[in-house]
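Results of the structural survey
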Amino acid sequence: MNHIVFEIGLAIALVALSGLLAAKFRFSVIPFYILVGMAVGPHAFHIWHLDFRFIESAALIEFMGRIGVLFLLFYLGLEFSVGRLVKAGKSIAAGGTIYILINFSLGLLLGWGLGFPLEEVLVVAGITTISSSAIVAKVLVDLKRTANPETEMILGIIMFEDVFLAVYISTLSGLVLSGSSSLGGVLLSALIALVYMVGLLVVGRKLVPLLNKALNIRSGELFALVIFAILFLVAGFSETIHVAEAIGALLVGLVLAETEHVKRIEKLIIPFRDFFGAIFFFSFGLTIDPLSLGGEALWYSLAAVAVTLLGNFAAGLLAGRSAGLSPRASSNIGLTIVSRGEFSIIMANLGKAGGLLAILQPFAAMYVLILAILGPLLTKESKVIYKALDKLFKWESRHIKRKAQTQKRTPASEER
C-alpha cells in the first residue's frame, strides 16, 4: 500500500492521455478509456514505481468506477423529470416488454444455436439482453440528447431492464448455484423492485415542496454534503433490496429534477460525473484480459453482436412505434441502448461461480468490448444510419402517409 496514491495518479494520467487522443481524433472517449484499461492490468509490466499492473490499487479503482456510474445516472435523472416519465408510463411498460421479449428470445436462440447446454443458454441470454446503464447515460449526455423525444423511452427501458434483472438473477442464481429456485422468491423480488421504484418516484414528487425548503442552503460545502448524502444513501439502500444502485441514483436524479435547486445541483455534479465516469470506463477495461480473447470465443461473440444489433434495432423500432414516436426517434432507441457492459459481466461471473463452461467469460468479455466500442459510435452516427436504411425500407414516407390519414379521420370523428 506504500505507492497506492502514485498508482492512482498513474491511472488518472493514462485516462487523461487517452481522452486527449480521443479529442484529437474527434472520436468518442468511451472506447479509448476502455482500451487503455485493457492495455494495462495484471498482464502488463512493472518498471520501478511505474506499476501498470495496478494490483494494489485495483479495488480502489473499481470502487471509484462504481461512484462514476452513480454520478452518470444521477445526472441523467437531473436532465429529465418525474413528470415526463409518469406521463409515459403505459408506453414505457409496453416498450420495455417489447425490448426484453425480443432480446431475451434472441439470446436463448443464440445460446441454443451455439450448442450450449441449458444452463449456459440461460446465462448467454442474460449476457445479451441487458444494456449498459453507464454507457447509455454517458452517450446521452455527451451527445446532448437528454431532451430528445425518445429519451423518456430509453430511460424507461433502462428501469424496466432492472426489474427484469432482479427477477432473472434470482432465478438463475437458484438454478446455477443451488440447483433450485423458488417461484415465490422470484415474484417477491420483482414486486419489491417495482414497488420500490414506483414508490420512490411518487413519494419523491410529493416531497418536492419540502425538498425545496430543505435544500435552501447558502453554504456550498453543506449543500454538496447534503446532496451526496441523499445520493449515496438512496443508491446504497436500493442495492440492499436487489435494485441496482445505479437505478437508485437515477431515481434520485429524477426526483431532484423537480426541485427549484436543479441547476445548482447540476453545476455541482458535472465535475464529479466527468472525473469518476472516466475512471469507470478505465476500471471496466481493467476487468478484460486481452490475452483471453480470440479463438472460439471471438466467433461466438461476433455472432452474438450481429444478433444483438438486429434485435436491438427491431426492438427500438417497435417500442418507439408503440409510443407514437417517429421512425427516426424509434431507430435512435435501438442504436442508443445497444451497448452492453457491467450487467453482462455480472451474468458471466455467475456462470463461473456455478462451474459452467469456461468459455462464457472470454465470450462475454469480447462481446461486451465490441458493443461498448460500437454502441457510442452507432449512436453518434444514428442520423446517417437511419437515412441509409430509410432509402431501403421507406419508413419516413410510410410514417407521413399514416399521419396524413390520421389527420383526415380526426375531423370526421369530431363532427360525429
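Residues numbered from 1 in each chain as written. Predicted model: local features only at pLDDT ≥ 70, side-chain atom pairs only at ≥ 80, totals over all residues. Heavy atoms only, no water.

**Some details on the overall build of the protein chain**
Operational definition: Helix and strand labels come from DSSP, where a helix needs a run of H or I of at least four residues and a strand needs a run of E of at least two; each type is numbered from the N terminus. When accessible area is computed with a 1.4 Å probe and restricted to protein chains, residues below 20% of their type maximum are described as buried, those above 50% as exposed, and intermediate ones as partly exposed. Residue contacts are counted whenever heavy atoms from the two residues lie within 4.5 Å of one another. Here the open area of atoms and residues is found with the Shrake-Rupley method and a 1.4 Å probe, where only the protein chains shown may cover a residue. Residues scored as positive are Lys and Arg, those scored as negative are Asp and Glu, and His as well as the terminal groups of each chain are ignored. To locate a charge, take atom NZ for lysine, CZ for arginine, CG for aspartate or CD for glutamate.
Regarding its fold elements, the protein chain presents 19 helices and two strands. Judged by the C-alpha coordinates and their principal axes, the protein chain covers about 85 × 60 × 50 Å. When the 416 residues of the protein chain are sorted by exposure, 53% land in the buried category. Put simply, of all contacts in the protein chain between residues at least 6 apart along the chain, 82% involve residues at least 24 apart. Entry remark: accessible area of the protein chain is about 19,400 Å², with carbon and sulfur atoms responsible for 68%. Charged side chains of the protein chain number 34 positive and 27 negative; the gap between the two group centres comes to 13 Å.

**Comments concerning the pattern of salt bridges**
Put simply, the test is: In the sections that follow, a salt bridge refers to a side-chain nitrogen of Lys or Arg positioned within 4 Å of a carboxyl oxygen of Asp or Glu.
Counted by the stated rule, this structure contains four salt bridges. When the shortest N-O distance is used, the salt bridge between Asp274 and Arg273 registers 2.7 Å.

**Here's the deal with helix 14 (residues 296-322)**
Helical periodicity: at 3.6 residues per turn, an α-helix aligns residues three or four positions apart in one direction. Heads up, the rule is: One less than the number of residues in a helix, times 1.5 Å, gives the span that helix is expected to have.
With 27 residues, helix 14 should reach 39 Å at 1.5 Å per residue; the first-to-last C-alpha distance of 39 Å fits that figure. Gly324 sits one or two positions beyond helix 14 and adopts a positive phi of about 80°.

**Section: the packing of helix 5 (residues 89-113) against helix 6 (residues 118-129)**
Threshold: Note on method: axes are straight lines fitted to C-alpha atoms, helices fitted across the in-contact stretch only, with angles between N-to-C directions ranging 0 to 180 degrees. The cut-offs work like this: below 35 degrees is roughly parallel, past 145 is roughly antiparallel, 65 to 115 is roughly perpendicular, and the gaps in between are oblique. Take the far helix as the reference: if the near one is turned anticlockwise from it by less than a right angle, the crossing is left-handed, and if turned clockwise, right-handed.
Put simply, helix 5 and helix 6 touch, their axes get as near as 8 Å, and they point 140° apart. Here helix 5 is positioned oblique relative to helix 6, judged by the angle of their axes. With respect to the hand of their crossing, helix 5 and helix 6 are arranged in right-handed fashion. The segment helix 5 lies against helix 6, with Tyr99, Ile100, Asn103, Phe104, Gly107, Leu108, Leu110, Gly111 and Trp112 engaging Val121, Leu122, Val124, Ala125, Thr128 and Thr129.

**Regarding the packing of helix 6 against helix 16 (residues 342-353)**
Note the threshold: Side-chain classes are defined by residue name, with Ala, Val, Leu, Ile, Met, Phe, Trp, Tyr, Cys and Pro counting as nonpolar, Asp, Glu, Lys and Arg as charged, and the others, Gly among them, as polar.
Look at helix 6 against helix 16: their axes get within 8 Å of each other, and the N-to-C directions meet at 165°. For the element pair helix 6 / helix 16, the angle class is roughly antiparallel. In terms of crossing hand, the pair formed by helix 6 and helix 16 is left-handed. Between helix 6, through Val123, Gly126 and Ile127, and helix 16, the contact on the second element is made entirely by Ser344, Met347, Ala348 and Gly351. Split by residue class, the contact of helix 6 with helix 16 holds four nonpolar, three polar and no charged.

**Here's the deal with the environment of Pro117**
As for its placement among the helices and strands, Pro117 is situated in the loop between helix 5 and helix 6. Take Pro117: its relative accessible area is 41%, and that puts it in the partly exposed class.

**Section: the packing of aromatic side chains**
Just so we agree on the cut-off: Each Phe, Tyr or Trp ring (for Trp, its six-membered ring) is paired with any other whose centre lies within 6.5 Å, and the angle between the two planes then decides the class: stacked below 30 degrees, edge-to-face above 60, tilted in between. Geometrically, a charge over a ring is one whose NZ (Lys) or CZ (Arg) sits within 6 Å of the ring centre while staying within 35 degrees of the ring normal.
Per the stated rule, a full pass over the model turns up 18 aromatic pairs. Measuring from centroid to centroid gives 5.8 Å for Phe313 and Trp395, while their planes differ by 40°, and the two rings are tilted. One end of the pair, Phe313, is in helix 14; the other, Trp395, is in helix 19 (residues 395-415), and 82 residues separate them in sequence. In this structure, Phe313 and Trp395 share a single accessibility class: buried. Through a chain of ring-to-ring contacts, the aromatic side chains of Phe71, Phe228, Phe232, Phe272, Phe275 and Phe276 assemble into a single cluster. When the ring centre of Tyr75 is taken as reference, the NZ or CZ atom of Arg273 above it lies at 4.4 Å.

**Brief notes about the environment of Phe63**
Mapped onto the elements of the fold, Phe63 is located in helix 3 (residues 58-78). The class for Phe63 is partly exposed, based on a relative accessible area of 43%. Linking Phe63 and Gly204, residues 141 residues apart in sequence, is a C-alpha distance of 28 Å.

**A short note on helix 1 (residues 4-24)**
Its 21 residues give helix 1 an end-to-end C-alpha distance of 30 Å, which sits within 8% of 30 Å, the value for a rise of 1.5 Å per residue. The complete set of buried residues in helix 1 reads Ile4, Glu7, Ile8, Leu10, Ala11, Leu14, Val15, Ser18, Gly19 and Ala22. Looking at the buried side of helix 1, the elements it contacts are helix 2 (29-39), strand 2 (50-51), helix 3 and helix 13 (262-286). Just past helix 1, the residue Arg26 takes up positive phi, approximately 55°.

**Structural notes on unusual backbone geometry**
Phi at Phe54 is positive, roughly 55°, even though this residue is not glycine. The backbone phi angle of Lys144 is positive, close to 55°, even though this residue is not glycine. Take Lys144: it is sitting in the loop between helix 7 (133-142) and helix 8 (151-178).

**Examining the side chain of Ser382**
Inspection of the secondary structure assignment puts Ser382 in helix 18 (residues 382-393). For Ser382, a relative accessible area of 3% corresponds to the buried category. If we skip the residues at most four places from it in the chain, Ser382 touches Arg145, Asn332 and Leu335.

**A word on the confidence of the model for the protein chain**
Defined as follows: Note on scores: pLDDT gives the predictor's confidence for each residue, bounded by 0 and 100.
Looking at the protein chain, the pLDDT average stands at 87 and 95% of residues meet or exceed 70. Of all helices and strands in the protein chain, the one with the weakest mean pLDDT is helix 19 (68), whereas helix 10 (residues 208-214) scores best (95). Confidence drops under a pLDDT of 50 for residues 412-416, and excluding neighbours within four residues, the segment shows zero contacts in the predicted structure.

**Quick word on the side chain of Ser57**
Within the element layout of this structure, Ser57 appears in the loop between strand 2 and helix 3. Judged by its relative accessible area of 0%, Ser57 falls in the buried class. Residues contacting Ser57, with those up to four places away along its chain left out, are Ile4, Glu7 and Ile8.

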